[in-house]
Amino acid sequence: MAATVHEHGRESTRHWQGRTHPAYANMVGPFGGVTAAQALQSVMQHPERLGEPISFTVNFAAALSDGEFRVETRPVRTNRSTQHWVVSLSQTDPAGVESVVLTATAVTAARRTTWSAADAVMPAVPAPGSIAGSSRPARVAWFQRYDMRPCSGDFPADWNGAEADSVTRLWMRDDPPRPLDFCSLTALADVFFPRVWRRRALMTPVGTVSMTVYFHAGAAELAATGEGYLLGQARAQSFFNGFFDQSAELWNEAGDLLATTHQIVYFKE
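Every chain begins its residue count from 1, and numbering advances along the sequence as written. Totals for whole chains, interfaces and linings use all residues, but because this is a predicted model, local features are given only for residues with pLDDT of at least 70 and pairs of side-chain atoms are given and counted only at 80 or more. Hydrogens and water are ignored here; the side-chain numbers use all heavy atoms of the structure.

Each helix is a run of DSSP H or I of at least 4 residues and each strand a run of E of at least 2, with the numbering of both proceeding from the N terminus. Across its full length, the protein holds 4 helices and 13 strands. The quantity called the radius of gyration is restricted to C-alpha atoms. Its globule counterpart is 2.2 Å times the number of residues to the power 0.38. A compact globule built from 269 residues would reach a C-alpha radius of gyration of about 18 Å, and the protein, at 19 Å, matches this within 12%. Seen along its three principal axes, the alpha-carbon backbone of the protein occupies a region of about 55 × 55 × 35 Å. Within the protein, the proportion of its 269 residues that are buried is 46%. Within the protein, counting contacts between residues at least 6 apart in sequence, those at least 24 apart form 68% of the total. Summed over all atoms, the accessible surface of the protein reaches about 13300 Å², with 52% contributed by carbon and sulfur. Charged residues are defined here as Lys and Arg on the positive side and Asp and Glu on the negative side; His and the ends of the chain fall outside this count. We put the charge of a Lys on NZ, of an Arg on CZ, of an Asp on CG and of a Glu on CD. For the protein, the distance from the average position of its 23 positive side-chain charges to the average position of its 26 negative side-chain charges is 2 Å. Relative accessible area decides the class of each residue, using a 1.4 Å probe on protein chains only: under 20% of the type maximum gives buried, over 50% gives exposed, and in between gives partly exposed. It only takes one pair of heavy atoms within 4.5 Å for two residues to be counted as in contact. For the accessible areas, the method is Shrake-Rupley and the probe is 1.4 Å, while residue cover comes only from the protein chains on display.

This is the structure in structure tokens:
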């Protein structure tokens, strides 16, 4: 991405130019996970960044259109070990009107080596090599960019309205494989199909409103994961009056918890 700089006191704003890619097309606009990853990349490339991401929240204000967009990235507060960021992504419509379609906040931090432990236990599932890849509709291009191997809770076999639990477990990685980094991990946190489809087996229109990713590993741990699979486990807690939530955990094959995520999703009745 190309960037321009505008000074705001001691902090500087970067304006980045980008565009959507047809390989990540969704039913409407691009896959939200890759758009979130592009927004995070604007923080990762900022020369004033302190440390590594520990939290990233993205709010999808409107559907992105295919084509060019602009990202504005600004560090709004830098402390001794943490840094706070504001990000916005905007597009210009055919009438020449520019509007914000995504906002985000990020926290980066300079981590120190301390006592560490993970209470979330990785589920016991078959190895990814023993599970066939999931069948995905060819009309949705972004599905082809990920190797997804469901252990349980795949797409409903019949869209008949039958109710089930909302839990899905699957192995996942980029296709073609690529070394894991914070941006690809952000996108992978959003690959789960909507929980309402699993819970009630109805093809209901949906759209993520807000998603947060918490990072529990640093760049060294992600580099050690390399091109390996991640195990993702997703579930919902509540479906209420047009919105539901979705939480998920992502582990690498060594059993290290790399990230947790939570999102709120709109569904239409």
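Okay, the pattern of salt bridges next. A pair is scored as a salt bridge if a Lys or Arg side-chain nitrogen falls within 4 Å of a carboxyl oxygen belonging to Asp or Glu. Considering all chains together, one arrives at 9 salt bridges under this definition. Through salt bridges with shared partners, a single network forms among Asp-147, Arg-149 and Arg-173.

Here the focus is the nonpolar core. Residues enter a nonpolar core if they are buried and are Ala, Val, Leu, Ile, Met, Phe, Trp, Tyr or Cys, with the set joined through side-chain atoms within 4.5 Å. Phe-56, Met-172 and Leu-185 are the most contacted members of the largest nonpolar core, which has 56 residues in total. The dominant element in this core, judged by the number of residues it contributes, is helix H1 (residues 32–44), at 7 residues. Setting aside its immediate chain neighbours within four residues, Phe-56 contacts Ala-36, Ala-39, Leu-40, Ala-104, Thr-105, Ala-106, Thr-186, Met-211, Thr-212, Val-213 and Phe-215. Grouped together as the second largest cluster of nonpolar side chains are 6 residues, Trp-171, Tyr-229, Leu-231 and Trp-251 included.

By the secondary structure assignment, Pro-156 is in the loop between strand E7 (146–152) and strand E8 (168–174). By relative accessible area, Pro-156 is classed as buried at 15%. Remark: the alpha-carbon pair of Pro-156 and Arg-200, spanning 44 residues in sequence, is separated by 8.8 Å.

Of note, Val-265 is situated in strand E13 (residues 257–267). In this structure Val-265 comes out as buried when scored by relative accessible area, which is 4%. Non-local contacts of Val-265, meaning those with residues more than four positions away in its chain, are made with Val-206, Gly-207, Thr-208, Val-209, Gly-242, Phe-243 and Phe-244.

Any link to function would need more than the numbers given here.
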